[in-house]
Amino acid sequence: GSRTEEFYEGISKERFTSDEEAAMFFFGTNEKDPNYRKLRNKLIRQLINTAFFIDVQQPMFNERSKAQYHCYRDYAAAFILRTREAHQSSVYLLQQVLEQAIKFEFTELIADICRQLRSQFARTPGDSSNHEKFSELHRIYEEKRYLEFKAFDYQENLIHHYINGRSTNEEVHKLAAQYFEELLPKAPSVDTVQFYLHTYHVGVIKFLSANDCKKAIEICDEALQILQARKNSNGGALLSFAIQKLACLTQLRKFEADDKTALYCFSLVEEGGFNWFRVMELQFYNRIYSHRYQDA
């Protein structure tokens with residue numbers, strides 16, 4: 001029955017479509033009214049707080065999504081506890097989060113947790129073993145984080161130039177070849193899903209920019225073989241290579257009698273979603289070019 005609740009209901013049921021309408025309803029003024037700004041900010045704060053109580057048991061959350069939500073929520077709690085001088089509670093919670101973060105390869109989070117634990121144990125008398133343990137882990141995961149970022153940076157730079165036509169295909173090909181040659185040898189030591197994902201996308205761009213669909217398919221197959229064997233691979237990562245393979249097969253006019261690649265793509269998407277329509281589009285082209293018009 002509060003005014004904040006009434007404001008929320010008005011927005012969710014589209015009775016208010018602008019700040020002007022809401023301010024007029026509650027205060028008979030405009031959106032610059034200090035009382036309205038106070039009410040608006042109070043609602044925003046309550047909605048932000050509500051984000052910490054999202055129900056992750058809903059079907060849309062897979063195991064990795066649940067773990068990511070819990071890890072970042074508990075990390076935030078541990079950080080707050082530490083600022084309130086509750087160091088023992090903070091350390092306990094950080095160690096619990098670290099175990100899950102390592103399991104699911106949340107590299108950035110692991111590096112941040114190790115940095116905090118390293119700092120804490122450096123100031124704890126008589127606990128040099130934990131300080132050395134987390135110092136070493138911190139160095140390892142900071143390096144992994146740096147290399148993941150580098151691979152991401154290279155990929156995004158190429159996409160920017162490739163899609164927006166800011167460089168010729170020949171220039172993009174040379175740059176992608178240089179990036180791929182630098183990144184690929186580091187893959188075994190980094191050994192994370194994100195690094196493989198970004199690195200092999202660079203490899204795909206390298207060959208697509210040279211219009212070499214055959215080599216691009218080989219890169220997609222290699223990436224899929226690696227990622228399918230990793231328990232932390234998500235559907236989006238697998239789909240990005242599978243859907244590119246399907247496009248290249250169509251471009252080369254190579255048609256699979258059992259539509260193996262298309263069926264695999266469909267297994268990774270939710271019916272009616274954006275990516276489902278992307279797969280449908282590519283399958284349509286594939287069947288048109290293979291003269292299966294009735295199927296198309």
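Data block above holds the structure.
Bear in mind that the values here come from a model prediction, so they are computed numbers and not experimental data. (Residues numbered from 1 in each chain as written. Predicted model: local features only at pLDDT ≥ 70, side-chain atom pairs only at ≥ 80, totals over all residues. Heavy atoms only, no water.)

Caption draft 1: Highlighting the nonpolar core. One finds Leu158, Phe195, Val202, Leu227 and Phe241 to be the most contacted residues of the largest nonpolar core, which totals 44 residues. Sorting the residues of this core by element identifies α7 (128-163), α8 (169-183), α9 (187-190), α10 (193-208), α11 (213-228), α12 (235-251), α13 (260-267) and α14 (274-289) as the ones contributing at least two each. If you tally residues by element for this core, the top one is α10, at ten residues. Ignoring sequence-local partners within four residues, the contact set of Phe241 consists of Leu197, Tyr200, His201, Val204, Cys220, Ala223, Leu224 and Leu227. The next biggest cluster of nonpolar side chains, apart from the first, holds 22 residues, and it includes Cys71, Ala78, Val91 and Phe106. (Core = buried A, V, L, I, M, F, W, Y, C linked by side-chain atoms within 4.5 Å. Buried < 20%, exposed > 50% of the residue type's maximum accessible area, 1.4 Å probe, protein only. Helix = DSSP H or I, 4+ residues; strand = E, 2+ residues; numbered from the N terminus. Contact = heavy atoms within 4.5 Å.)

Caption draft 2: Summary view of unusual backbone geometry. Its identity is not glycine, yet Glu14 carries a phi of approximately 60°, on the positive side. Within the secondary structure, Glu14 sits in the loop between α1 (3-12) and α2 (19-27). Classification of Glu14 by relative accessible area gives exposed; the value is 65%. Here the phi dihedral of Glu105 falls at roughly 60°; this positive angle occurs in a residue that is not glycine. The residue Glu105 is located in the loop between α5 (87-103) and α6 (107-122) in this model.

Caption draft 3: Molecular detail of the packing of α13 against α14. It is at 9 Å that the axes of α13 and α14 come closest, and there the two elements cross at 170°. By the criterion of interaxial angle, the relationship of α13 to α14 is roughly antiparallel. Counting all contacts with α13, which are made through Ala262, Cys265 and Phe266, the residues of α14 involved are Trp276, Val279, Met280 and Gln283. Residue composition of the contact of α13 with α14, by class: six nonpolar, one polar and no charged. (Axes fitted to C-alpha atoms, helices over the stretch in contact; angles between N-to-C directions. Parallel < 35°, antiparallel > 145°, perpendicular 65-115°, else oblique. Nonpolar A, V, L, I, M, F, W, Y, C, P; charged D, E, K, R; others polar.)

Caption draft 4: Structural view of the pattern of salt bridges. On inspection of all chains with the given rule, the structure shows 15 salt bridges. Residues Glu9 and Lys13 are paired through a salt bridge, measuring 3.5 Å at the closest nitrogen-oxygen approach. Looking at Lys13, the relative accessible area reads 55%, which means it is exposed. Linking Arg230 and Asp191 is a salt bridge whose minimum nitrogen-to-oxygen distance equals 2.5 Å. Of this pair, Arg230 sits in the loop between α11 and α12 while Asp191 sits in the loop between α9 and α10, placing them 39 residues apart in sequence. You can call Asp191 partly exposed: its relative accessible area is 33%. (Salt bridge = Lys/Arg side-chain N within 4 Å of Asp/Glu carboxyl O.)

Caption draft 5: Geometry of the packing of aromatic side chains. Under the definition given, this model contains 13 aromatic pairs. Measuring from centroid to centroid gives 6.0 Å for Phe104 and Phe106, while their planes differ by 15°, and the two rings are stacked. Taking relative accessible area as the criterion, Phe106 reaches 5% and is therefore assigned buried. A ring pair is formed by Trp276 and Phe277, whose centres lie 4.9 Å apart and whose planes are at 80°; its orientation type is edge-to-face. Overall, the relative accessible area of 49% leaves Phe277 in the partly exposed class. Three or more aromatic residues link up through ring pairs in this structure, and these residues are Phe7, Phe16, Phe25, Phe26, Phe27 and Tyr36. Between Lys144 and the ring centre of Tyr141, over which it is positioned, the NZ or CZ distance is 5.7 Å. Across the ring face of Tyr289, the terminal group of Arg253 is positioned such that the distance to the ring centre comes to 3.7 Å. (Phe/Tyr/Trp six-rings, centres within 6.5 Å; stacked < 30°, edge-to-face > 60°. Lys NZ or Arg CZ within 6 Å of the ring centre and 35° of its normal.)

Caption draft 6: Representation of the side chain of Thr107 within the structure. Tracing the sequence through the fold places Thr107 in helix α6. Contact partners of Thr107, with chain neighbours within four places excluded, come to Tyr141, Lys144, Arg145, Glu148 and Thr192.

Caption draft 7: Representation of the side chain of Arg64 in the model. When you line up the elements, Arg64 lands in helix α4 (residues 63-83). Buried within the structure, Arg64 lacks any salt-bridge partner; its nearest side chain of opposite charge belongs to Glu105, at an N-O separation of 6.0 Å. A distance of 2.6 Å separates a polar side-chain atom of Arg64 from the backbone oxygen of Phe104. Those residues within four positions of Arg64 in sequence are excluded, and the remaining contacts are Phe104, Glu105, Phe106, Asn232 and Asn234. (Lys, Arg positive; Asp, Glu negative; His and termini not counted. Polar contact = N/O pair within 3.5 Å; in protein donor to acceptor, adjacent residues only side chain to side chain.)

Caption draft 8: View of a nonpolar patch on the surface. Nonpolar side chains collect at one region of the surface, where Ile44, Ile48, Phe52 and Phe53 lie side by side and expose about 400 Å² of accessible area between them. Given a relative accessible area of 36%, Ile44 falls into the partly exposed group. (Patch = residues over 30% accessible without salt bridge, like charges linked within 9 Å, V, L, I, M, F, W, Y side chains within 5 Å. Areas by Shrake-Rupley, 256 points an atom, 1.4 Å probe, with all protein chains shown as cover.)

Caption draft 9: Quick look at the state of the cysteines. This model, assessed by the stated rule, comprises zero disulfides. With no disulfide of its own, Cys213 lies 4.1 Å from the sulfur of Cys248, the closest cysteine sulfur. The cysteine Cys265 is free of any disulfide, with Cys220 supplying the nearest cysteine sulfur at 9.9 Å. Residue classification places Cys265 among the buried residues on the basis of a relative accessible area of 0%. (Disulfide = S-S within 2.5 Å.)

Caption draft 10: Structural detail: α10. Between its first and last C-alpha atoms α10 spans 22 Å; for 16 residues at 1.5 Å apiece the expected length is 22 Å, and the two agree. Of all 16 residues in α10, 15 are buried; the element is thus mostly enclosed. (Expected span 1.5 Å × (residues − 1).)

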